[in-house]
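# Structural overview for review
Given next are the chains, with one letter for each unit.
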Amino acid sequence: MEKWEENVRRVTPYTPGEQPDFPDMVKLNTNENPYPPAPGVLWRMREMQYENLRLYPAPGADLLVNALADYYKMDPEQIFVGVGSDDVLAMAFLTFFNGKEPVLFPDITYSFYDVWAGLFRIPYECQPLLEDFTIRKEDYYKPNGGVVFPNPNAPTGVEMPLADIEDILQHNRDSVVIVDEAYIDFGGISARKLVEKYDNLLVVQTFSKSRSMAGLRIGYAFGCKKIIKYLQDAKYSFNSYTMNRPSLELGAEALKDEAYFRQTVEKIIATRERTKKRLAELGFTFADSKSNFIFVTHPDFSARELFEALKKEHIYVRYFAKPRIDNYLRITIGTDEQMDVLLAFLEKYRKER
Ligand SMILES: *Cc1c(COP(=O)(O)O)cnc(C)c1O
């Protein structure tokens, strides 16, 4: 090791799902939405002022913040936006998790949490999910430096009832609780309204999944005015212009088409429920998912072998070589046609065993 390397902030980075590019592929590995963004977004893209790109965007991201405030009937000062919810979450870790006690999150959860904790040198302690992949709320009642979990949880898809989230808040008046609602629009109940009651709650959402805009990178958070102000102070000390002009304009545009949004979400939910039935018939087991993915295992198949076999057919799903879940596959809900390709393969695969 060279001398200069002693002062390097060394980290183990997050590994995102692969982004292969084959014309015939069935891509069910990164929880993207199979449907395009709202049609108004395309119209807005064409109307966008090329000339304006020479100007910095509004540092307060007002256009998008105000559109979100109108949409959710909240005060603009209760909303923070960022470059995907990953940016919002990273900023929240940096801002709120500065205590000596460990931050608590589930052992099976979004694999970025321990990466940010590592990057920012935040002590943390994972709380094991129960065997059925539910979060045991009592595990979060002990002294801590903060609490964070997705709801529905990823990669399990399991939703925690709102009453349990409120119990966790009741037991954590002295630290910040972050609820990561990346998948909430697929049938879950949001904790958003609880920000009026708990000033230490931050609820994070994204345009990446339910609004089909992963490529634009738009995330946002709800909180009381004070907690949002703390986030903004950290953000403005880091980079004033995180949100680019196209994201602000196109994000605000997407919120206008409620009918399209409802329709796409409903389609994905219908496909999910149909896929659950078929997977169960093929012998797969899974916890009930309220998200746009299903986390499955099969008593007769090795998840890793199945993952490789699927990949050979250009059907991409997600496999995590991690304790407790190394015989599971996370399958994103695509279109009905995509799921039919997957199910046909699984049927053939089962027959050939
Ligand atoms: C996808 C995802 C995110 C991040 O999404 P962005 O594209 O950065 O908005 C955050 N949390 C969970 C649990 C996710 O699955």
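Only a predicted model underlies this, so the values are computations on that prediction, with no experimental measurement involved.

### Observations concerning unusual backbone geometry
With an omega dihedral of -10 degrees, the bond running from asparagine 151 to proline 152 counts as a cis peptide bond. Look at the link from alanine 154 to proline 155: it is a cis peptide, with omega at 5 degrees. Tracing the sequence through the fold places proline 155 in the loop between β5 (146-150) and α5 (162-170). Positioned with a positive phi, arginine 324 is a non-glycine residue whose angle comes to about 75 degrees. Position of arginine 324 among the secondary structure elements: in the loop between β12 (318-319) and β13 (329-332). Relative accessible area serves as the criterion here: at 34%, arginine 324 is assigned to the partly exposed category.

### A closer look at the site of the ligand
Neighbouring the ligand are 13 residues; Ser85, Tyr183, Thr206, Ser208 and Lys209 lie closest to it. With respect to the ligand, the backbone of aspartate 86 contributes an N or O atom lying 2.9 Å from an oxygen atom. At a separation of 3.1 Å, an oxygen atom of the ligand approaches a polar side-chain atom of lysine 209. For the ligand, whose free accessible area comes to 380 Å², the fraction covered by protein is 92%. Among the detected pockets, the ligand sits in the largest pocket. No other element matches the 4 residues that helix α3 (residues 84-96) contributes to the shell around the ligand. Each residue belonging to the shell around the ligand can be placed in one class, and the counts come to 5 nonpolar, 4 polar and 4 charged.

### Quick word on the nonpolar core
Core analysis: the biggest nonpolar cluster contains 85 residues, and Leu68, Val81, Phe149, Phe207, Leu306, Leu329 and Leu342 have the highest contact counts within it. Shared between two domains, this core takes at least three residues from each, and those domains are domain 1 (3-37 + 258-352) and domain 2 (49-254). In this structure, phenylalanine 149 is in contact with Pro106, Tyr113, Ile135, Met160, Ile165, Ile168, Val177, Ile178, Val179 and Asp180, ignoring residues within four places of it in sequence. Counting 29 residues, the second-largest nonpolar core is a separate cluster that includes Leu89, Phe96, Tyr110 and Val115.

### Re the domain arrangement of the protein chain
Looking at the assigned domains, one finds that the protein chain contains domain 1 (3-37 + 258-352) and domain 2 (49-254). In this structure, domain 1 and domain 2 have C-alpha centres spaced 24 Å apart. Facing 33 residues of domain 1, the contacting portion of domain 2 comprises 35 residues. For the pair domain 1 and domain 2, the two sides together bury roughly 2700 Å², of which 59% comes from carbon and sulfur. Considering only the surface of domain 1 that becomes buried against domain 2, Tyr14, Lys290 and Arg324 emerge as the three largest contributors, covering 26% of it. Counting the contacts that link domain 1 with domain 2 gives 3 salt bridges.

Thresholds, definitions, all that
- Residues numbered from 1 in each chain as written.
- Predicted model: local features only at pLDDT ≥ 70, side-chain atom pairs only at ≥ 80, totals over all residues.
- Heavy atoms only, no water.
- Helix = DSSP H or I, 4+ residues; strand = E, 2+ residues; numbered from the N terminus.
- Buried < 20%, exposed > 50% of the residue type's maximum accessible area, 1.4 Å probe, protein only.
- Near = heavy atom within 4 Å.
- Polar contact = N/O pair within 3.5 Å; in protein donor to acceptor, adjacent residues only side chain to side chain.
- Areas by Shrake-Rupley, 256 points an atom, 1.4 Å probe, with all protein chains shown as cover.
- 1 Å grid on protein atoms, 1.4 Å probe; cavity = no way out; pocket = protein on both sides within 12 Å on 5 of 7 lines; lining within 4 Å.
- Sits in = over half its atoms within 2 Å of the grid points.
- Nonpolar A, V, L, I, M, F, W, Y, C, P; charged D, E, K, R; others polar.
- Core = buried A, V, L, I, M, F, W, Y, C linked by side-chain atoms within 4.5 Å.
- Domains from an automatic or database assignment.
- Contact = heavy atoms within 4.5 Å.
- Buried area = accessible area lost by both parts, 1.4 Å probe.
- Salt bridge = Lys/Arg side-chain N within 4 Å of Asp/Glu carboxyl O.

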